[in-house]
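As a plain string of letters, each chain reads:
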Amino acid sequence: MLDAANIPQVLQDISGTAITSPEAWEANRERLLSLLSREEYGFLPAPPERTEFKLLDRQTDCCAGKAVYEKWEATVWVKDHSFSFPFFGVIPQTATPSMAFLHLNFRNQVPDFYMPTEEIIDGGFAVFSFGYEDVTKDNGDFSSGLAALFPEPPGKLALWAWAALRVRDHMAQREEIDQENVAVVGHSRLGKTALLAGAWDERFAFVIANESGCSGGAVTRGKQGERIADITRVFPFWFCENYRKYAGKEEELPFDQHFLLALIAPRKLYICDAQEDIWADPAAEFLSCRLASPVYELYGKQGLMAETEAPVLNKGYHAGAIGYHLRAGCHYLSRQDWQQFMAFLKAHRN
Ligand code: GCU
């Protein structure tokens, strides 16, 4: 049973003293990042010694000429070894810089059924993306792809997040992009990845996790559907080894998932769910947003603004710095979700 009283409070330092100022929160933030890295995801590797971006394809007739399509290859060097992966950009042909999404995609195709590209362009946004398995396979093999560059690789979620930071490096070089308004977005396992990327890299002004659920946006204690025992049995390689010891022992975790959400504060965060997706557990995600909100309040901002304990179907909770919606239907990243993301970004543009 979900019960906020059983969940550790985020505004406490290591000695249990209440954190009451942004300065004290920031002093404690690195410790929390390390804690999550050590016990759950593994540590984010240092940035590469060198990165090169090579343009592979460019088309100016994309979306009826409203946008430019580009295919790039990123090559990263770590201690004399290199690894390359492709990524994509679709950028509106406008005179002023565009707000932008970095979409962590399941596939390396543009458009894609999880990425309604023309609609995103019509909304006034650029969208960069990559196919996550072009970075490292979604399995327990750490001897190929990006994983092979590191002697002690973290879990795969952290490796995908590291690759997202490299695409963000590229976006940072682009004048067409409004650098103050870049969102990282992912669905499900890639929603978990988006949260990690956002926690680690403050260049993401917005972080969007769609149906990220267990070990993502949802609190673990009292959660329905997927539990740590389930996720570490089927996908042990997403995490570091330490995480397995919490299978069936959620209450021993020295944190809960709202700590990850809180690491994004005071930047904007957006969490969303589908009504039928009990595996992810909308109620546990909504509670997590509520429990992360006090960190936003330290900065004089409202986090999740909601009057009810459970989310109302199809209501866009867009007023606070933590946005949320629950849509009808099943586990999916739908155009309806994208419409909500675009509305939230426009409402909170920096
Ligand atoms: C599985 C897994 C989830 C994950 C989902 C997805 O259902 O158990 O944790 O979020 O796959 O990535 O689609």
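Everything numeric in this text was worked out from a predicted model, so none of it was measured. (Residues numbered from 1 in each chain as written. Predicted model: local features only at pLDDT ≥ 70, side-chain atom pairs only at ≥ 80, totals over all residues. Heavy atoms only, no water.)

Peer 1: I tried to follow the pairing of strand 4 (residues 98-105) on my own but got confused; where do I start?
Peer 2: Every regular strand shows the same layout, with side chains that alternate between the two sheet faces. The element strand 4 is extensively covered by neighbouring structure, given that eight of its eight residues are classed as buried. By the bridge criterion, seven bridges tie strand 4 to strand 5 (residues 125-131) in an arrangement that is parallel. Bridge pairing in strand 5 links Leu102 to Phe128. Traced from strand 4 through helix 2 (residues 117-122) to strand 5, the parallel crossover comes out right-handed. (Buried < 20%, exposed > 50% of the residue type's maximum accessible area, 1.4 Å probe, protein only. Helix = DSSP H or I, 4+ residues; strand = E, 2+ residues; numbered from the N terminus. Pairing = 2+ DSSP bridges. Right-handed = clockwise from strand over helix to strand, strands pointing away.)

Peer 1: It is not clear to me how the site of the ligand should be interpreted in this structure. Could you clarify?
Peer 2: Taken together, the residues surrounding the ligand are Ser188, Arg189, Lys192, Glu226, Ile231, Phe235, Trp238, Trp279 and His331. One of the side-chain N or O atoms of Arg189 is found 2.5 Å from an oxygen atom in the ligand. In the environment of the ligand, an oxygen atom lies 3.2 Å from a nitrogen or oxygen atom belonging to the side chain of His331. (Near = heavy atom within 4 Å. Polar contact = N/O pair within 3.5 Å; in protein donor to acceptor, adjacent residues only side chain to side chain.)

Peer 1: Explain the packing of helix 1 (residues 22-41) against helix 4 (residues 189-200) here, please?
Peer 2: In a packed pair of helices, the relevant descriptors are the angle between the two axes and the axis-to-axis distance. Two elements in contact, helix 1 and helix 4, have axes separated by 11 Å at closest approach and are oriented at 145°. Judged by the twist between their axes, the crossing of helix 1 over helix 4 is left-handed. The segment helix 1 lies against helix 4, with Arg29, Leu33, Ser37 and Tyr41 engaging Leu196, Ala199 and Trp200. Residues belonging to the contact of helix 1 with helix 4 are distributed by class as follows: five nonpolar, one polar and one charged. (Axes fitted to C-alpha atoms, helices over the stretch in contact; angles between N-to-C directions. Left-handed = near helix turned anticlockwise from the far one by under 90°. Contact = heavy atoms within 4.5 Å. Nonpolar A, V, L, I, M, F, W, Y, C, P; charged D, E, K, R; others polar.)

Peer 1: What is the right way to look at the environment of Arg166 in this model?
Peer 2: Here Arg166 is to be found in helix 3 (residues 156-172). When the C-alpha atoms of Arg166 and Phe87 are compared, they prove to be 10 Å apart, with 79 residues separating the residues in sequence. Setting aside its immediate chain neighbours within four residues, Arg166 contacts Pro47, Pro48, Phe53, Val76 and Phe85.

Peer 1: How should the environment of Leu291 be read in this particular structure?
Peer 2: With respect to the element layout, Leu291 can be found in helix 7 (residues 282-298). Filtering out sequence-adjacent residues up to four positions away, Leu291 remains in contact with Ala4, Ile7, Val10, Val219 and His258.

Peer 1: Even after reading the chapter, I still don't get the packing of aromatic side chains, so can you show me in this structure?
Peer 2: The geometry of two aromatic rings is summed up by the distance between their centres and the angle between their planes. Counting across every chain of the model gives 27 aromatic pairs. Aromatic side chains Tyr114 and Tyr332 sit 5.2 Å apart centroid to centroid with 90° between the ring planes, which places their arrangement in the edge-to-face category. Remark: Tyr332 occurs in the loop between strand 9 (322-327) and helix 8 (335-347) and Tyr114 occurs in the loop between strand 4 and helix 2; sequence separation between them is 218 residues. The buried category is assigned to Tyr114, whose relative accessible area is 10%. (Phe/Tyr/Trp six-rings, centres within 6.5 Å; stacked < 30°, edge-to-face > 60°.)

Peer 1: Can you walk me through unusual backbone geometry in this structure?
Peer 2: Peptide bonds are mostly trans, and most non-glycine residues show a negative phi. Cis geometry marks the peptide bond from Val110 to Pro111, where omega comes out at -5°. By secondary structure assignment, the location of Pro111 is in the loop between strand 4 and helix 2. For the bond from Ala265 to Pro266, the omega torsion is 0°, close enough to zero to count as cis. Tracing the backbone shows Pro266 in the loop between helix 6 (258-262) and strand 8 (268-274). Positioned with a positive phi, Cys63 is a non-glycine residue whose angle comes to about 50°. For Cys63, a relative accessible area of 12% puts it in the buried group. Look at Asp281: it is not a glycine, yet its phi comes out positive at around 75°. By secondary structure assignment, the location of Asp281 is in the loop between strand 8 and helix 7.

Peer 1: Looking at this structure, how should I read helix 4?
Peer 2: In an α-helix, one turn spans 3.6 residues, which is why side chains three or four residues apart end up on the same side. For helix 4, with 12 residues, the first-to-last C-alpha span of 17 Å sits near the 16 Å given by 1.5 Å per residue. Buried within helix 4 we find Leu190, Gly191, Lys192, Thr193, Ala194, Leu195, Leu196, Ala197, Gly198, Ala199 and Trp200. (Expected span 1.5 Å × (residues − 1).)

Peer 1: Hey, could you run me through the packing of helix 3 against helix 4 in this one?
Peer 2: In contact at an axis separation of 8 Å, helix 3 and helix 4 are set at 60° when each is read in the N-to-C sense. Relative to helix 4, the element helix 3 lies oblique. Crossing geometry of helix 3 relative to helix 4 is assigned as right-handed. Facing helix 3, whose interface residues are Leu157, Ala158, Trp160, Ala161, Ala164 and Leu165, helix 4 presents Arg189, Leu190, Lys192, Thr193, Leu196, Ala197 and Trp200. Split into classes, the residues belonging to the contact of helix 3 with helix 4 amount to 10 nonpolar, one polar and two charged. (Parallel < 35°, antiparallel > 145°, perpendicular 65-115°, else oblique.)

Keep in mind these values describe shape, not function.
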